[in-house]
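Tertiary structure, described
The primary structure of each chain is shown beneath.
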Amino acid sequence: MKMKPIQIVCAVAIGAALLFCAGCKPKAEQAVQGEPSGKPSGKRKIAIVISTLNNPWFVVLAETAKARAIELGHDATVFDSQNDTAREAAHFENIIAARYDAILFNPTDANGSIANVRKAKAAGIPVFCIDREINATDAATAQILSDNYSGCVALGQYFVQRVGTNAKYAELLGIVGDNNTWNRSRGFHSVVDRYPGLKMVAQQSGEFDRAKGLEVMESILQAHPDIDAVFCGNDAMAMGAYQALVAAGKDKQVKVFGFDGAEDVIRLIAEKKIEATGMQFPKTMARMAAEFADEYFKGRRDFPQKVPVQVELVTQDNVHLYTGYGRKE
Amino acid sequence: MIMRRLFHILIVLAVAVAFFWLLPPFRVVRTNRGTEHRPPGTFNAAEFVERFWTNQLLPAVPRAVAADELVALLRTDPAAARQKFGRSLGLSQTCNFFLRGTGTVVSASDTEVLLTVTPSATAPEVALQAGLIFGNAVRDGTGLIDVNDYPNSQDFNAISAELNRLIEQRVVPQLRAGAKPGARIRFAGCAELGSDAVNLFPLRVVPVFVEIE
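Residues numbered from 1 in each chain as written. Chains lettered and ligands numbered in written order. Predicted model: local features only at pLDDT ≥ 70, side-chain atom pairs only at ≥ 80, totals over all residues. Heavy atoms only, no water.

**Describing the overall build of chain A**
Counting secondary structure elements, chain A contains 11 helices and 14 strands. Taking contacts inside chain A between residues at least 6 apart in sequence as the whole, the part at least 24 apart equals 73%. For chain A, the accessible surface area stands at approximately 13400 Å², while carbon and sulfur atoms represent 52% of it. (Helix = DSSP H or I, 4+ residues; strand = E, 2+ residues; numbered from the N terminus. Contact = heavy atoms within 4.5 Å. Areas by Shrake-Rupley, 256 points an atom, 1.4 Å probe, with all protein chains shown as cover.)

**Points about the overall build of chain B**
For chain B, the helix and strand inventory stands at 7 helices and 6 strands. Each helix and strand of chain B, ordered N terminal to C terminal, gives the series α-α-β-α-α-β-β-β-α-α-α-β-β. Of the accessible surface of chain B, which amounts to about 11300 Å², a share of 57% is contributed by carbon and sulfur atoms.

**Here we look at empty space enclosed by the protein**
Going through the model one piece at a time under the given rule, you end up with 3 cavities of 30 Å³ or more. Of the voids in this model, the largest cavity is the one considered here, and its volume is about 160 Å³. Surrounding the largest cavity, 17 residues form its lining, Leu 145, Ser 146, Asp 147 and Asn 183 of chain A together with Ser 153 of chain B being those nearest its centre. Residue assignment for the lining of the largest cavity shows that the elements contributing at least two residues are strand 5 (142-146), helix 6 (148-163), helix 7 (179-192) and strand 11 (306-309) of chain A together with helix 6 (153-170) of chain B. Looking at the lining of the largest cavity residue by residue, the classes come out as 6 nonpolar, 7 polar and 4 charged. Taken as a whole, the second largest cavity holds about 70 Å³ of empty space. Taken together, Asn 55, Trp 57, Phe 58, Asp 131, Arg 132, Asp 178, Asn 180, Arg 184, Phe 208, Asn 234, Asp 260 and Gln 280 of chain A make up the full set of residues lining the second largest cavity. (1 Å grid on protein atoms, 1.4 Å probe; cavity = no way out; pocket = protein on both sides within 12 Å on 5 of 7 lines; lining within 4 Å. Points joined across faces, edges and corners; volume = space filled by probe spheres on them. Nonpolar A, V, L, I, M, F, W, Y, C, P; charged D, E, K, R; others polar.)

**Quick look at the pattern of salt bridges**
All names here are of chain A. Going through the model one piece at a time under the given rule, you end up with 25 salt bridges over all chains. The closest approach of N and O atoms between Glu 133 and Lys 306, which form a salt bridge, is 2.7 Å. One end of the pair, Glu 133, is in the loop between strand 4 (127-131) and strand 5; the other, Lys 306, is in strand 11, with 173 residues separating them in the sequence. Like Lys 306, Glu 133 is buried. In this structure, Glu 215 engages Lys 212 in a salt bridge whose closest nitrogen and oxygen atoms are separated by 3.8 Å. Of the two residues, Glu 215 and Lys 212 are both situated in helix 8 (residues 210-223); the distance of 3 residues between them amounts to about one turn of the helix. By relative accessible area, Glu 215 is classed as partly exposed at 46%. A residue is classified by how much of its surface remains accessible, and Lys 212, at 26% relative accessible area, is partly exposed. Taken together, the salt bridges that share partners define one network made up of Arg 68, Glu 71 and Glu 291. (Salt bridge = Lys/Arg side-chain N within 4 Å of Asp/Glu carboxyl O. Buried < 20%, exposed > 50% of the residue type's maximum accessible area, 1.4 Å probe, protein only.)

**Here's the deal with the sheet that holds strand 4 of chain A**
Residues and elements named next belong to chain A. Spatial strand order, 2-1-3-4-5-11: 6 strands in an open sheet with parallel pairing. The two strands at the open ends of the sheet, each matched to only one other strand, are strand 2 (75-80) and strand 11. Averaged over all pairs of adjacent strands, the angle between strand axes in this sheet comes to 15 degrees, irrespective of strand direction. Here strand 5 pairs with strand 11 via 4 bridges, running parallel. Note that in strand 11 the partner of Gln 143 across the bridge is Lys 306. In the packing of helix 3 (residues 56-71) onto the sheet, the strands contacted are strand 1 (45-50), strand 2, strand 3 (102-105) and strand 4, and the crossing angle to strand 1 comes to about 175 degrees. (Pairing = 2+ DSSP bridges. Axes fitted to C-alpha atoms, helices over the stretch in contact; angles between N-to-C directions.)

**Quick word on the packing of aromatic side chains**
Given two aromatic rings, one states the distance between the centres and the angle between the planes to describe the pair. Under the definition given, this model contains 18 aromatic pairs over all chains. Ring geometry for Tyr 296 of chain A versus Phe 303 of chain A: centroids 6.4 Å apart, planes at 20 degrees, classification stacked. Under the relative-accessibility criterion, Tyr 296 of chain A is labelled buried at 5%. With a relative accessible area of 10%, Phe 303 of chain A lands in the buried category. Taken together, the ring pairs connect Phe 159, Tyr 169, Phe 188, Phe 231 and Phe 257 of chain A into an aromatic cluster. Over the aromatic face of Tyr 100 of chain A sits the side chain of Lys 45 of chain A, whose NZ or CZ is 4.7 Å from the ring centroid. The ring of Phe 156 of chain B has Arg 139 of chain B sitting right over it, with the charged end atom 3.7 Å from the ring centre. (Phe/Tyr/Trp six-rings, centres within 6.5 Å; stacked < 30°, edge-to-face > 60°. Lys NZ or Arg CZ within 6 Å of the ring centre and 35° of its normal.)

**Focus on helix 10 (residues 263-270) of chain A**
All names here are of chain A. Here helix 10 has its buried residues at Asp 264, Val 265, Ile 266, Leu 268 and Ile 269. Those residues of helix 10 that are buried are in contact with helix 8, helix 9 (235-247), strand 10 (276-279), strand 12 (312-315) and strand 13 (322-323). Backbone geometry just after helix 10 places Lys 272 at a positive phi near 60 degrees.

**Thoughts on the pairing of strand 2 of chain A**
All names here are of chain A. Examined bridge by bridge, strand 1 and strand 2 share 6 bridges and lie parallel to one another. Looking at the pairing, Ile 48 lines up with Val 78 of strand 2. The β-α-β motif built from strand 1, the intervening helix 3 and the parallel element strand 2 has right-handed crossover chirality. (Right-handed = clockwise from strand over helix to strand, strands pointing away.)

Structure below.
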């Protein structure tokens, strides 16, 4: 079949248009990759997406981020993912549709949350991860994270000092899909596993949740009533474990170690009921994330991908220097 | 007639352009972004550390700060010593140093070997770690390993565990065997100094290289 000249012209034009369109990106995405967004500097909308607000530590994280964003002159809204990746994905869809200007993000899953961050990036919305990382360095604009591993190396050394080198202990893990869970566990085990006399008799997930921590501790105590210590991957589980120990009359026998620096655990360390915790600094991380977003609006683009934030060991000896979620001013 | 057909074709063309503008059929993206596209779970810390040890760490020893210079500055102006020779990971008040030097053994135990490194020393200035090695002093002290190269921080942390294992296997036995009081030891290693460190000396150094003279 022979084509008429007009058909050839049309075919070439359509082909050229297709190629042109394929090379294009939405304007907003171009802004992410270098140029400041076209909006004038001023009040912006910031979304704060938090893995769960069922834990006081994350409430502090969310509230501090919100307060700092407002202080910097922006609007801020908190979204609770309730530790549910589907709910988190729905939040991102809504945030993108509502054309928010930045997201301060505490992910539910290191791998599962990457797609959400990529969607936001494609829509031209910068994402700043707080406390929990995603397993990608080309999606978020920056990730501000606790140095969990180092914190738990220090905690592990203190554990050996307090519990000794011949003892039985249990470990309550956090959410298994979260990198923080494993960074804490591996930091701790990088120390305690070097002492053959220290036997881990149980290791179960308490999902970073106080009620779950209590429940898991109760079942561990039934199977292993003679344990000497319990290492908990966060303070909510440490509180649950301590509650189970009190109920079983074993709170003097079993030494409890947590991680977070939550207010109630700091109080119990001061009362010599809990041994130690790793102080993360949620307020520092949340403030920094809000400030990064503000700097982004003003044109900054040279953010470090990862900012590890030091974790400090809080014991009965130095607890007077600390308050819930940070150092005393 | 021809004008009318041309007009129809232009409308179709405009609709097609608008459609593909909004929903492009494909998009060109860069794929050569280095480590960030490594499939998850494929990082082999032991292999990495083996290569790092030979190709980067030991060749970097001549660039480490001289131990006597660091000790002298820490004694007179700790803040300046941190500023000039220290490295910190992210937002941290802990400072890591990469140092090398020669010292005289004052005493040795199963956990550390105490040295003096300056002629005027009246007490041990350096404690070479000779027991179990924990922490991130070597990973973070040399400045050769960047956290931003590791999408999953578990990989970054696994490097520390492997480095420490290698030090216990390769360096510590040699140190223990040769560390007799009065012996002279050439060494290189990394030290970690917390912000609230009151007693700076002896500086606790995780050794990466030792040679008994």
